[in-house]
Amino acid sequence: MDNILFLAHTEADGTLNKTALEALSSAVDLKQALGGTLDVALYGAQFQPAANSIAACGATRFLAVCGESFAAARFATDAAASEALVRASGATIVIGAMTSRSARVMAAVAHRVSGCVDTHVTDVTAVSGAPAVTRWFYRQRIEGSLTRTQRPWILLLDPGSRPAWKGEPGSVTPQLIDVPVGDSLLRTSVKGLVTPPADQQTIRPDADLLFVAGAGWTKKQKDGQTHVPEAETIIVDFLRSSKASLGGSKSLVDISGENQSTLHFMTHLNQVGQTGSSPRHPKGLAACCHGEEPHTVGWRFIGERRAINLDPNCGWARGKADVLYVADAFEVMSKVNVLLRAK
Amino acid sequence: MPGTALTRNFREGHKLKMSTPFQVVVCASVVPDPLQTLEPVTGPTGPALKNEMMLPAILDPWAAHALYEGANLVKKVAGSALWLVSMAPKAKLQQVMMTVAQKVPLQLVAVDGPSSGFADAQQTATALATAIRNIPGIDLSKLLLFGGWESASRSAGVTLQLVGEELGIVDQFQGVDAITPNDDGSFEVLERVEGARHQVSRCAGAPAVLGWATGSLGEPRNDPQVGMSNMRAIMPALQRAVAAKITADGLQYANVATPKQQRETRIVKDTPADQIASEIVQWIKQE
């Protein structure tokens, strides 16, 4: 029988983020499927709001590591806290969320407790009384399901893999685990976050639509001239009225890095594909992008896909999109903007 | 890319006088060229790629960014050195090195082992850590361990972290886009976090692990002179490559498959832009 631990860091206000609640949902389901026990472990500057919000999740024990030293997302202290919590719980299966903070430390934690780890997990099920996980290999090209005999087994669930856990809040008093914080754990100090200005925030993970701009926006158009400022206006107008999230192909993003004339708001953070992100949105619209494989692997989790391209034989036409509009993206998107403004 | 005046000076090529030079070790494997079609098959030791040894390969893309950033750091901080530690089948590694060697000056440490995405990360990390410890002249107290924050094969973001643990390094950063060294040996790091933001941290100094995202440097042009200089040492390094045996060790794959991703594409052409725009707007508005 496996004993399951749901392990999460808290946010600055002591709550749990949505991704953590999705992972909790998976932990609760696995506990029911395996018939084991469930413990909850939290770490951060404060934990009580988080603990109370999931009081009804069916956990046997609540454990916590708390203190100002654990407020910041720092490898040394996060790994020490997580290690202590995993050891204290005696869990054989540890489930957490694939946040940047957890992803930074969980492999190290697995190593310290002589366990193993799998990240980017998209599903956890019980097969013949043992947990089995599903994840992608080769950047969303091959899907595999696997089991391991080594314990503890730490699993990090990708965002959007499960519905978030919902339940009535309650009141619990977690057992505090003491983690000494010596100077060796404080060699790194977190100075803060660099956030793009609100009007330049083009990445919106919760948007219904992903809009991907390709390098074609910066190329010579029918009149033999480039129209980069016009392209910027069209794209910004569209993002404003559609509330879409902006993605870019590698070729366009690389042009931006080389200081050529290009879209000023496009950075490597926008890049979708092989060396970019694989965002999750119900719909995706690509314009002036060829839809080659290294880019479209990043579209694995996009539901409906449409593209605008002048080339009827581009990658999108070869089964990568539901609809390909063979047309001038400048013209079409300008008219789309007019229609969106009118509504 | 956000940055301080120091960051800009560093990027613009000002040579930094630092009391502590770095020893930069970049871990990078090889992966199939992303333009290739990948088909899983079941081999004697578990899942593998069909015709894996025949597929053209490249240096793992995020790790390649780590290599370029590492080379830039070594160039700017006097007295620093750069090694590339790579585990892959020897023949594959030799093929990839023909290109990589022309990019930046490097010293190769080759480990002859699988580069498959299905191979166990823990054992891979152990083999890499052993290879790093055995580098002649390596000083772990000056080590900056670089690599990609995820590979294009296993795509887990695990191996580099495990190598760091094996080497006892307690300062690790993932999704790194910039490192700015300071005169006192400390450095500032920008890491990608949720919401298209960067976390800014200051680390007291080496040793540290940095798993790179894309960084800010473009791919260097091929330099035949650098290539010739590198290849003189690369061929002996390949011949010296120690074989690493990676076993399943309790890991069992129940199923590995390429899901159907072909869509029935409707191609709309010779249609007025107004009509297309109207259809797109209607589609966007649909629940």
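K.L.:
Explain the nonpolar core to me, using residue names and the numbers behind them.
P.N.:
The biggest cluster of nonpolar side chains holds 149 residues, and the ones touching the most others in it are A:Phe6, A:Leu155, B:Val26 and B:Leu128. Here B:Leu128 is in contact with B:Cys27, B:Val85, B:Met87, B:Val111 and B:Val163, once residues within four sequence places are set aside.

K.L.:
Please provide a residue-by-residue account of helix H8 (residues 329-342) of chain A, values included.
P.N.:
A rise of 1.5 Å per residue sets the reference length of H8(A), with its 14 residues, at 20 Å; its end C-alpha atoms lie 20 Å apart and thus fit the reference within 8%. Taken together, the buried positions of H8(A) are occupied by A:Ala329, A:Phe330, A:Val332, A:Met333, A:Val336 and A:Asn337. For H8(A), the angular spread of buried residues about the axis comes to 165°, placing them on one side. In this structure, the buried residues of H8(A) make contact with helix H5 (228-242), strand E13 (281-287), strand E14 (302-309) and strand E15 (323-326) of chain A together with helix H7 (273-285) of chain B.

K.L.:
Tell me what's going on with unusual backbone geometry, and back it up with residues and numbers.
P.N.:
The step from A:Arg151 to A:Pro152 runs through a cis peptide bond, and the omega angle for that step is -5°. Summarising the element assignment, A:Pro152 is placed in the loop between strand E7 (142-148) and strand E8 (153-157). The step from B:Ala206 to B:Pro207 runs through a cis peptide bond, and the omega angle for that step is 5°. Note on placement: B:Pro207 falls in the loop between strand E11 (197-203) and strand E12 (208-212). Phi at A:His120 takes a positive value of approximately 50°, unusual for a residue other than glycine. With respect to the helices and strands, A:His120 occurs in strand E5 (residues 116-127).

K.L.:
Can you tell me about the pairing of strand E2 (residues 37-44) of chain A, naming the residues and giving the values?
P.N.:
Consecutive side chains of a regular strand alternate in pointing toward one face of the sheet and then the other. Residues and elements named next belong to chain A. Within E2, seven of the eight residues are buried, leaving the element largely enclosed by the surrounding structure. This β-α-β element, strand E1 (residues 3-9) to helix H1 (residues 18-34) to E2, shows right-handed connectivity. As paired elements, E2 and strand E3 (residues 61-66) share six bridges and run parallel to each other. Counterpart to Val40 in the pairing with E3 is Phe62. For the crossover that starts at E2, traverses helix H2 (residues 48-53) and ends in the parallel E3, the hand is right-handed.

K.L.:
Explain the domain arrangement of chain A residue by residue, including any values.
P.N.:
All names here are of chain A. Parsing chain A into structural domains produces domain 1 (3-186) and domain 2 (198-342). With centres defined by C-alpha atoms, the gap from domain 1 to domain 2 works out at 36 Å. With four residues of domain 1 in contact, the opposing surface of domain 2 contributes six residues. Class assignment of the residues belonging to the side of domain 1 that touches domain 2 gives a composition of no nonpolar, two polar and two charged.

K.L.:
Describe the interface of chain B and chain A, naming the residues involved and giving the relevant values.
P.N.:
Across the contact, 70 residues belong to chain B and 76 residues belong to chain A. Among the secondary structure elements, those contributing two or more residues to the side of chain B that touches chain A are helix H2 (61-76), helix H5 (159-166), strand E9 (172-181), strand E10 (187-193), E11, strand E14 (251-257), strand E15 (266-268) and H7 of chain B. By residue number, the principal contributor to the side of chain B that touches chain A is H7(B), which donates nine residues. Split by residue class, the side of chain B that touches chain A holds 36 nonpolar, 23 polar and eleven charged. Here E15(A) runs beside E15(B); their pairing, made up of three bridges, is parallel. Looking across to E15(B), one finds that A:Tyr325 is bridged to B:Val268.

Cut-offs used in this document
- Residues numbered from 1 in each chain as written.
- Chains lettered and ligands numbered in written order.
- Predicted model: local features only at pLDDT ≥ 70, side-chain atom pairs only at ≥ 80, totals over all residues.
- Core = buried A, V, L, I, M, F, W, Y, C linked by C-beta atoms within 7 Å.
- Buried ≥ 20, exposed ≤ 12 C-beta atoms within 10 Å, placed from the backbone.
- Contact = placed C-beta atoms within 7 Å.
- Helix = DSSP H or I, 4+ residues; strand = E, 2+ residues; numbered from the N terminus.
- Expected span 1.5 Å × (residues − 1).
- Arc of directions from axis to C-beta.
- Right-handed = clockwise from strand over helix to strand, strands pointing away.
- Pairing = 2+ DSSP bridges.
- Domains from an automatic or database assignment.
- Nonpolar A, V, L, I, M, F, W, Y, C, P; charged D, E, K, R; others polar.

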